[in-house]
Amino acid sequence: MRTAGAPAGGKKMYWGHMIKKSTGIAMLLAMLSIAAVLPAEAGFFSSRFDDFKELVQAGRTEDAAALYAQELAYFTGLKGDKRQYIDEVLGQRDRLYGDRLNEARGRLAQADAVQGQMLRWKRLKQELPDARAALASAAKLSARGTLTNEAMGALSADVDRIARSLQAEAPQALLDYGLFTEPSFKEQYPVAVQWGEFRTLPAAFEEQLAKASAVRLAAFKKVYGDSLIPAQRLEAKLGEYYAAARVAESGARSYIAKLLIRERLAKEGWTQAGMPGKGVLLAAWPAPASEVSSYRVAPPTTIGYQSLDARQTPDAFIASGGARNYELVVFVQPARIQMERAESNQRQVASQYQSGTRRVANPAYALAQRELASAQSDLADIRRAAANASTDSSSTLGILSAVVGAASEAAAESKLRSAQSRLASTPQLIEEPVLSAYSYAAKTVTVKQWVPSRYAIYDAGTGKVVTGTINRSFAKTFNVADALRPDDPNRALILKSAQTSADVDAWVKGEISEKYDDIWAAILADYKKKSLGI
């Protein structure tokens, strides 16, 4: 009998054929396994070197370098001709980029060595960006070589050194070039200066600003308003210089005319240009004593201040030279405090007060009596139930009934004792207040105090004197409750939203205090109206 599928030669021939076939498959699998662990340079199932070579031959050297960097483990393992080819390609590329970077470095050195400030700036303004572009381009290269890296380091160091040198030279360079020269220093200088790195600028810098015309100062702000000016906090100084220049150019003599110019400039964004207290002295006589309130005024903080003797006159003060250093001198003489008091909405408000006490039955005592009666009844019911229960104390049911009955009786007895104690400690009668009706007077009181203050303003620019009077007013409204009895149970609640006549008197006799800054603001507003005819 033949085995199905066996060759005609019998079992021996069949198994020999199968052995040979199995051996071939095993050898193929072994070859695949060996190929998987063979060194990369063997070239089995790999075309990476061929890809590299094709890219180079196609002129795509950078793509070849990128492939090299991506498959670094493969390419570093190459030997022989392949290794030599890779090294030659990458070496030529390294020399090429190294030479380019060194050329950029040479041009930068030549630009830095140029004689003449403007020519040097012009060359550096061109070569510094080119050098930075060369560095940025080289930084993106894949598989950079030693020559390229060394040239990058040297060029980067030169760029940093020259940039630092230009940064350090900037303040003096700007002065030499001119703060207002056109085209501006900012446009001509090779680097963007970090002005915030300088703690101070040369004194000549401020001198040039102080002497400049309004047109030049405006041009300076336009160029450096987002760099040098905020970095050096020059906004206030520049505003003062600009306002002074505009005032000088206007030919204005009176303080008000100058002030209006400054206020307009302040609205246009010139910081500190509209300082109304600049060059102002307030000279004040003390307020006379008053039988009503005392009036105290604190010295101003925004303008100059001089306390005057009661015998001093404005003419004498000016003649003595006291006004010499001021554009405006304001003489202020507060008068005696005036007062006005008005009462309205007078009415009688019904309320109650405690006129005595009386003894009445204590409702808590009646409750305690009811609780005692209930406790007595509960105990009697429990005892009757126990007497009527089964007398068979030998049975289980009898024993349980006896235990439950005893527990219930003990609880009822405890409740009875508590009720007896509560009744004994509760008084039968208690005292309660007797409230009687009465009414108190209520009204609205408005108190107004004012201090008339005469002023005389001497304008040094025109020599004119303007006089006027201002009133400083202080008012308060009180909701008054009078004749409010101390034994009114609602007294505290009423006084939360009302005051007494004593509170009104205390406020009237209290000290009135304010600041001369506020008085100066009121005088200035009145002075403007008089000066401008409005």
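Here, the structure is the one placed above.
Here's what I pulled together on the structure shown here.

Parameters and conventions
- Residue positions are given per chain, counted from 1 along the sequence in the order it is written.
- It should be noted that, the model being predicted, local features are given only for residues of pLDDT at least 70 and side-chain atom pairs only at 80 or more, the latter also being counted only at that level, while totals for whole chains, interfaces and linings use all residues.
- To obtain the side-chain values, all non-hydrogen atoms of the structure were used and water was disregarded.
- Here a helix means four or more residues in a row that DSSP labels H or I, a strand means two or more in a row labelled E, and each is numbered from the N terminus.
- Throughout, exposure labels follow a simple rule: accessible area from a 1.4 Å probe, protein chains only, divided by the maximum for the residue type, with under 20% read as buried, over 50% as exposed, and the rest as partly exposed.
- Only heavy atoms matter for contacts: two residues are in contact if any of them lie within 4.5 Å across the pair.
- The Shrake-Rupley method, run with a 1.4 Å probe, gives the accessible areas here. Residue values count only the displayed protein chains as cover.
- In plain words, nonpolar cores are sets of buried Ala, Val, Leu, Ile, Met, Phe, Trp, Tyr and Cys residues tied together by side-chain atoms within 4.5 Å.
- Pairing of N or O atoms within 3.5 Å defines a polar contact, subject to two protein rules: one partner must be a possible hydrogen donor and the other a possible acceptor, and residues neighboring in sequence count only if both atoms are side-chain atoms.
- When a carboxyl oxygen of Asp or Glu lies within 4 Å of a side-chain nitrogen of Lys or Arg, that pair is called a salt bridge.
- Convention adopted: a line fitted to C-alpha atoms gives each axis, helices being fitted over their contacting stretch, and angles between N-to-C directions are expressed from 0 to 180 degrees.
- Each angle gets one of four labels, with under 35 degrees taken as roughly parallel, over 145 as roughly antiparallel, 65 to 115 as roughly perpendicular, and the rest as oblique.
- Crossing handedness: left-handed means the near helix sits turned counterclockwise from the far one by under a right angle, and right-handed means the same turn made clockwise.
- As a working rule, the residues Ala, Val, Leu, Ile, Met, Phe, Trp, Tyr, Cys and Pro are called nonpolar, Asp, Glu, Lys and Arg charged, and the rest polar, with Gly in that last group.

### Quick look at the overall build of the chain
- Along the backbone of the chain there are 19 helices and eight strands.
- For the chain, the proportion of its 534 residues judged to be buried stands at 32%.
- Of the contacts made within the chain by residues no fewer than 6 positions apart, 75% connect residues no fewer than 24 positions apart.
- A total of about 32,000 Å² of accessible surface is found on the chain, and carbon and sulfur atoms cover 53% of it.

### Details of unusual backbone geometry
- With an omega of -10 degrees, the peptide bond running from Glu182 to Pro183 counts as cis.
- In this structure, Pro183 sits in the loop between α7 (146-177) and α8 (185-188).
- Of note in this structure, Ala143 is not a glycine but carries a positive phi near 50 degrees.
- Secondary-structure assignment places Ala143 in the loop between α6 (117-139) and α7.

### Things to note about the nonpolar core
- The biggest cluster of nonpolar side chains holds 52 residues, and the ones touching the most others in it are Phe185, Tyr189, Trp195, Phe205, Leu209, Phe220 and Leu228.
- Sorting the residues of this core by element identifies α5 (80-112), α6, α7, α9 (203-211), α10 (214-224), α11 (228-231), α12 (235-250) and α13 (255-267) as the ones contributing at least two each.
- Looking at this core element by element, the count peaks at 11 residues for α7.
- Look past the residues within four positions of Phe220 in its chain and what remains in contact with it is Leu179, Phe180, Phe205, Leu209, Gly225, Leu228, Ile229 and Leu238.
- Counting 25 residues, the second-largest nonpolar core is a separate cluster that includes Ile256, Leu282, Tyr295 and Val451.

### Some details on the side chain of Ser293
- With respect to the helices and strands, Ser293 occurs in the loop between β1 (280-284) and β2 (294-298).
- Here the side chain of Ser293 touches Gln449 through a polar contact of 2.7 Å, side chain to side chain.
- Beyond its immediate sequence surroundings of up to four residues, Ser293 is in contact with Ile337, Gln449, Val508, Lys509, Gly510 and Ile512.

### Side note on the pattern of salt bridges
- Under the definition given, this model contains 29 salt bridges.
- As a salt-bridge pair, Arg384 and Asp381 come within 2.2 Å of each other at their nearest N and O atoms. With Arg384 and Asp381 both in helix α15 (residues 363-388) and three residues apart, the pair spans about one turn of that helix.
- Overall, Asp381 belongs to the partly exposed group, its relative accessible area being 39%.
- With its nearest N and O atoms 2.9 Å apart, the salt bridge here joins Arg472 to Glu514. Linking Arg472 in strand β7 (residues 465-482) with Glu514 in strand β8 (residues 511-515), this pair joins segments that are 42 residues apart in sequence.

### Some remarks on the packing of α5 against α7
- For the pair α5 and α7, interaxial distance at closest approach is 8 Å and the crossing angle is 20 degrees. With respect to each other, α5 and α7 are oriented roughly parallel. As α5 runs across α7, the sense of the crossing is left-handed. Where α5 approaches α7, its residues Asp94, Arg95, Tyr97, Gly98, Leu101, Asn102, Ala104, Arg105, Leu108 and Asp112 are matched on the opposing element by Thr146, Leu147, Thr148, Ala151, Met152, Ala154, Leu155, Asp158, Val159, Arg161 and Ile162.
- A class-by-class count of the residues in the contact of α5 with α7 yields 11 nonpolar, four polar and six charged.

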